[in-house]
Amino acid sequence: LQAPLSEVLPSENPGASYFFEAQYVCPDENVEINIVNAADNVSYRKGILNSSGALSSYDGDTVAKQPAVYAWKAADPTVNLQWRAITGVGNFFIASQAYDNGNGTWDYEYVVHNLDSDRSIGSVSIDVDESVTLSQFGFRDVAYHSGEPWDGTDWPSTRVGNEARWNTAEPFSANPNGNAIRWGTAYNFRFTADSEPTTGVMTLGYFKDGAGGDAFTAEVKAPISLDFCSGDFDGDGQVGFSDLTSMLAEWGFCFNCPEDLDGNFNVNFEDLLSLLSLYGPCP
């Protein structure tokens, strides 16, 4: 892994934190055998860089069984972090946040981490209101080097109607070595919008063809007005008894379940309190 020197010099990045991730590849724990067990083979640790940008020491213990994107949510609990486990395809972690610039605009940041999927990700789109003005599109990927075969061409960004889109410069059929989000990597997407965040949808398209459909979705922060009511799991326009029973049925560890209102992959008493605070007709 290589990083520009300008990004690891503490003098040029005041207040920055750096995290290092290690991934174990175990053939007995793959997405075909056990999708959940396959997701706990990464860990991360905070590193301290010296004045020349080199790793000088570690700060704290290793955080086991979690990818480094969790460090973002640990530092900012309001980050929306979604774990999407697609049976037979792989595990993906999608994180999002919006920062108020104080001038009527917000900076939206997204991270897509492909933990272990060979199908990879070749496109990302985020739903936005057509009336919202977008600017300052950004994209960040892996710096391939030293004879690696992968094409490092940046993804072009476009605004089409009610979507902000990024995609590989060429599809798999045209370039199998295209710059997809391959397993073990995370890419960053961003834009600035003149609308505050609500709950939106990101659609992630696979780079390679295969079983399990062409794409999947994840909940993210986005500048869009949706007919969405947190806690209304049955979609009847109100938070009521059936939604309570739905939450109790998912009690304990869960992933990709809407009953996990705080997004920590565990339906517990905190989620129950949140649900009770939402009781009644949707606003």
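We now turn to the structure provided with this report. (Residues numbered from 1 in each chain as written. Predicted model: local features only at pLDDT ≥ 70, side-chain atom pairs only at ≥ 80, totals over all residues. Heavy atoms only, no water.)

### Some details on the pattern of salt bridges
Rules: Salt bridge criterion: a side-chain nitrogen from Lys or Arg within 4 Å of a carboxyl oxygen from Asp or Glu. A helix here means a DSSP run of H or I that spans at least four residues, while a strand means a run of E at least two residues long, and both kinds are numbered starting from the N terminus. Whether a residue is buried, partly exposed or exposed follows from its accessible area with a 1.4 Å probe, protein chains only, as a fraction of its type maximum: under 20%, in between, or over 50%, in that order.
On inspection of all chains with the given rule, the structure shows five salt bridges. For Glu 109, the salt bridge goes to Arg 190, with nearest N and O atoms at 3.3 Å. Of the two residues, Glu 109 is situated in strand β6 (residues 106-114) and Arg 190 in strand β11 (residues 185-193); the sequence distance between them amounts to 81 residues. Classification of Arg 190 by relative accessible area gives partly exposed; the value is 29%.

### Regarding the environment of Ser 131
Note on placement: Ser 131 falls in the loop between β7 (121-127) and β8 (134-140). Placed 30 residues apart in sequence, Ser 131 and Gly 161 show a C-alpha to C-alpha distance of 9.2 Å.

### Thoughts on empty space enclosed by the protein
For clarity, the cut-off: Cavities and pockets were defined on a 1 Å grid built over protein atoms only: a cavity is a set of grid points that admits a 1.4 Å probe from which the probe cannot escape, a pocket is an open set flanked by protein on both sides within 12 Å along at least five of seven lines, and lining residues are those with an atom within 4 Å of any such point. Grid points are joined across faces, edges and corners, and a volume is the space filled by probe spheres set on the points. Under the scheme applied, nonpolar residues are Ala, Val, Leu, Ile, Met, Phe, Trp, Tyr, Cys and Pro; charged residues are Asp, Glu, Lys and Arg; polar residues are all the others, including Gly.
Within the structure shown, the criterion is met by one cavity of 30 Å³ or more. In this structure, the largest cavity spans a volume of roughly 30 Å³. In terms of lining residues, the largest cavity is bounded by Asp 151, Thr 153, Ala 169, Glu 170, Asn 175, Gly 178 and Asn 179. When the residues that make up the lining of the largest cavity are grouped by side-chain class, the tally is one nonpolar, four polar and two charged.

### Overview of the layout of surface pockets
Reported here for the largest pocket is a volume of approximately 2000 Å³. Around the largest pocket, the lining is made up of 45 residues, and of these Leu 1, Glu 7, Phe 19, Ala 68 and Ala 186 lie nearest the centre. Elements that contribute at least two residues to the lining of the largest pocket include exactly β1 (18-23), α1 (70-75), β6 and β11. The biggest single contributor to the lining of the largest pocket is β1, with six residues. Taken together, the residues of the lining of the largest pocket break down into 27 nonpolar, 10 polar and eight charged.

### Looking at the sheet that holds β11
Our working definition: Pairing between strands is defined by DSSP: at least two bridges between the two strands are required. In this analysis an axis means a line fitted to C-alpha atoms, helices contributing only their contacting stretch, and an angle means the value between N-to-C directions, from 0 to 180 degrees.
With antiparallel pairing, the five strands of this open sheet are ordered in space as β4-β5-β6-β11-β8. The open sheet terminates on both sides in strands that have one partner only, identified here as β4 (80-86) and β8. The average angle at which neighbouring strand axes cross in this sheet is 15 degrees, direction not considered. The pairing of strand β5 (residues 90-100) with β6 spans nine bridges and is antiparallel. Pairing of Asp 100 across the sheet is with Trp 106, part of β6.

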